[in-house]
Amino acid sequence: MELNKTLQQGITALKEGKFQEAERLYWEILQTHPTHPYANHNLGITLYTLGRLKEAEASYKEAIKFKPDYAVAHNNLGITLQKLHKLEEAEASYKKAIALKPDYAIAHNNLGNTLKDLGRLNEAEASYKKAIALKPDYAVAHNNLGNILKDLGRLNEAEASFKKAIEFKPDYADAYY
């Protein structure tokens, strides 16, 4: 087995929606290279996509164990933990991703989502604003900020955020509501 070739085949299978094939290829790598962080991470993505969240969580944790500075794995672990309703753990994962990569706009946005779910709206607002500061054309973050501002009763600001989301992504249906 040529490691890089098999890893690339797994990535291709994942991108093409061939999830069982991707899973098989990542497990093939992990049989001989169990500490491979990218194979563990990509297996996590595959398992998450298949709805096998607890297994995805374990794969992301393995990736992080072998590459603790893997910001994307920390972010994806956070997404999985949030989906599993482990909000405090998700918050910690996003914060670790941000500590490793402070300009990681997606992690700031995801942290905002978790903070919103925890009822910490002012902190969520700050996270969304940071995501937008890092990536001004980030339509999803503009929309999320609009939702927080609406929840906080700041309707004019919310409307402006929704308009920004639509400006950057005119087909973004969520921003129209």
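Residues numbered from 1 in each chain as written. Predicted model: local features only at pLDDT ≥ 70, side-chain atom pairs only at ≥ 80, totals over all residues. Heavy atoms only, no water.

## Details of the packing of aromatic side chains
Step number 1: Counted according to the given criterion, the structure contains 1 aromatic pair.
Step number 2: Measuring from centroid to centroid gives 5.2 Å for tyrosine 38 and tyrosine 70, while their planes differ by 65 degrees, and the two rings are edge-to-face. Placement of the pair is tyrosine 38 in helix H3 (residues 37-49) and tyrosine 70 in the loop between helix H4 (53-66) and helix H5 (71-83), with a sequence separation of 32 residues.
Step number 3: By relative accessible area, tyrosine 38 is classed as partly exposed at 36%.
Step number 4: One residue, lysine 101, lies across the ring of tyrosine 104, its end atom 4.8 Å from the ring centre. (Phe/Tyr/Trp six-rings, centres within 6.5 Å; stacked < 30°, edge-to-face > 60°. Helix = DSSP H or I, 4+ residues; strand = E, 2+ residues; numbered from the N terminus. Buried < 20%, exposed > 50% of the residue type's maximum accessible area, 1.4 Å probe, protein only. Lys NZ or Arg CZ within 6 Å of the ring centre and 35° of its normal.)

## A few points about the packing of helix H9 (residues 139-151) against helix H10 (residues 155-168)
Step number 1: Where H9 meets H10, the axes come as close as 8 Å, and the angle between the chain directions of the two elements is 165 degrees. On the basis of the axis angle, H9 is roughly antiparallel to H10. Seen from above, H9 lies across H10 with left-handed handedness. Mapping the contact onto sequence places Ala139, His142, Asn143, Leu145, Gly146, Asn147, Leu149 and Lys150 in H9 and Leu155, Glu157, Ala158, Ser161, Phe162, Lys164, Ala165 and Phe168 in H10.
Step number 2: Among the residues making up the contact of H9 with H10, the classes are represented as 8 nonpolar, 5 polar and 3 charged. (Axes fitted to C-alpha atoms, helices over the stretch in contact; angles between N-to-C directions. Parallel < 35°, antiparallel > 145°, perpendicular 65-115°, else oblique. Left-handed = near helix turned anticlockwise from the far one by under 90°. Contact = heavy atoms within 4.5 Å. Nonpolar A, V, L, I, M, F, W, Y, C, P; charged D, E, K, R; others polar.)

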